[in-house]
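Examination of the molecular architecture
Here is how the chains run, residue by residue.
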Amino acid sequence: MTPHGRYVLRLADTNLVLAQRLGEWAGHAPALEEDLGLANVSLDLLGQARLLLAHAGQLEGSGRGEDELAFLREESDFYNLTLVEQPNGDFGDTVVRQFLFDAWQLGAYEALRDSRDATLAAIAAKGRGEATYHLRYSGGWLVRLGDGTAESHARVAQSVARLWPYTGELFADDDVDRAAAEAGIGVLPSTLEPAFSARVDETLARATLARPAQTPFNWYGKQGRHSEHLGYLLAEMQSLHRAHPGAAW
Amino acid sequence: MSDPAKQDWPLYEIFIRPRSGLDHKHVGSLHATDARMALEHARDLYTRRQEGVSIWAVRSADIVASDPADADAFFEPAKDKIYRHPTFYDIPDEVKTL
């Protein structure tokens, strides 16, 4: 696969895996209203993932469509960011994971609107509006929990500490990123860091939460090397299609 | 829904304006901890299928409502005053527009 195709597949897988994670909340959120709120975010991400997967399949030229890519690849052939495969944990963990992701994705989509890949630029333009709302939703909850009760503050502070190490990967450039950026197709991850920091610092301050120090990271989900959690997620997500190939509604 | 949400989250009434120029209409209610969350929940619950272009959220506790027990005193007196309806009057033929 070309760097172009791989770059698009990374975006697609990141959305797909997070959509699946958020879907796990259906029926389990702290309130019926949050059930629907999280499902809406999940479906937005899934919609973007479908467009990106179909595009990646076309770039690949092998005839694989969105279903083949979503349901018939093994764990090591998934290239999502490690952050999004982390388990839902408690509601605060999910909020923090979502907030960090949204702040990153909004910046990425803003930059990708200028991509020379017209399809990718169009997906980014559509996704930017959705990401703006997602960030409002997750940021609102982060402030509510951080600036809430003593218990909610302490628990969400732990969530931030637990998930922050995974942000390192969001801004780490590798050969695929560099090739896609040089071709005018992708955005170099490291260039997204200032806008991310500005957004995150502003909301963390309102949430009365401290920003953890950056630590070295050992996860490269976008290169197919995942944490122990992705395999279980894929097993559940793919089981129906593998048991009933081509099943449709 | 867990008990804490029911006990602690106040109820909001939601009004949606379907299009510019139309009135906001009551569509339902939801629980939220604050006004911002009420708007976001309303957006997620009641505008999923392009139902509206504007949302109002009002704390249910802030709405003053008439008591059904007072219905007779409130609404009965209007029943026999049919002359308050425009259809009660015959319009002279000379009147073109009314």
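First, a word on scope: everything that follows refers to the structure included in this document. (Residues numbered from 1 in each chain as written. Chains lettered and ligands numbered in written order. Predicted model: local features only at pLDDT ≥ 70, side-chain atom pairs only at ≥ 80, totals over all residues. Heavy atoms only, no water.)

**Here we look at the overall build of chain B**
Spelled out, the test is: In this description a helix means any DSSP run of H or I spanning at least four residues, a strand means any run of E spanning at least two, and both kinds are numbered starting from the N terminus. As a reference, a globule follows 2.2 Å times the number of residues to the power 0.38, and the radius of gyration itself is taken over C-alpha atoms.
Each helix and strand in chain B was counted, giving three helices and three strands. Listing the helices and strands of chain B from first to last along the sequence gives α-β-β-α-β-α. For 98 residues, the compact-globule estimate of 2.2 N^0.38 gives 13 Å, and the C-alpha radius of gyration of chain B, at 21 Å, exceeds that figure by more than 25%. Its C-alpha atoms give chain B principal-axis dimensions of about 65 × 35 × 15 Å.

**Details of helix α7 (residues 175–182) of chain A**
All names here are of chain A. Put simply, the rule reads: Exposure is judged per residue with a 1.4 Å probe applied to protein chains only, and the accessible area is read against the type maximum: over 50% gives exposed, under 20% gives buried, and values in between give partly exposed. The arc in question is the one traced by the directions running from the helix axis out to the C-beta atoms. Whenever a nitrogen or oxygen atom comes within 3.5 Å of another N or O atom, the pair is scored as a polar contact, on the condition that within protein one atom can donate a hydrogen and the other can accept it, and that pairs from neighbouring residues in sequence are kept only if both atoms are in side chains.
Every buried residue belonging to α7 is among V176, D177 and A180, and all of these are buried. Here the buried residues of α7 occupy an arc of 100° about the axis, which is enough to place them on one side. Summarising the geometry of α7, the exposed residues directed more than 90 degrees from the buried face are D175 and E182. Backbone nitrogen of V176 and a side-chain oxygen of the N-cap are separated by 3.2 Å at the start of α7; the cap is D174.

**Side note on the interface of chain B and chain A**
This is how it is decided: Contacts are assigned to residue pairs with any non-hydrogen atoms lying within 4.5 Å of each other. A quick way to say it: buried area is the sum, across both parts, of accessible area lost when two parts are put together, with a 1.4 Å probe. Think of a salt bridge as a Lys or Arg side-chain nitrogen and an Asp or Glu carboxyl oxygen that are within 4 Å of each other. Classification used: nonpolar for Ala, Val, Leu, Ile, Met, Phe, Trp, Tyr, Cys and Pro, charged for Asp, Glu, Lys and Arg, polar for all others including Gly.
Counting residues at the interface gives 16 residues for chain B and 14 residues for chain A. Buried surface at the junction of chain B and chain A, both sides included, amounts to about 1,600 Å², of which 50% is carbon and sulfur. When the buried surface of chain B facing chain A is broken down by residue, R36, E40 and R43 of chain B rank first, second and third, together holding 34% of it. At the surface where chain B touches chain A, the tally comes to two salt bridges. Connecting chain B to chain A are eight residue pairs in polar contact (both at pLDDT 80 or more). At seven residues, helix α2 (residues 35–46) of chain B tops the list of elements feeding residues into the side of chain B that touches chain A. Class assignment of the residues belonging to the side of chain B that touches chain A gives a composition of six nonpolar, four polar and six charged.

**Some details on the pattern of salt bridges**
Evaluation of the coordinates by the stated rule reveals 24 salt bridges over all chains. Salt-bridge contacts for R136 of chain A lead to E40 of chain B; the nearest nitrogen and oxygen are separated by 2.9 Å. Linking R136 of chain A in helix α5 (residues 118–146) with E40 of chain B in helix α2, this pair reaches from one chain into another. Of the residues examined, R136 of chain A reaches a relative accessible area of 36% and is grouped as partly exposed. On the basis of relative accessibility, which here comes to 2%, the residue E40 of chain B falls in the buried class. Each member of the salt-bridge network shares a partner with another, and the members are R10, D174, D177 and K222 of chain A.

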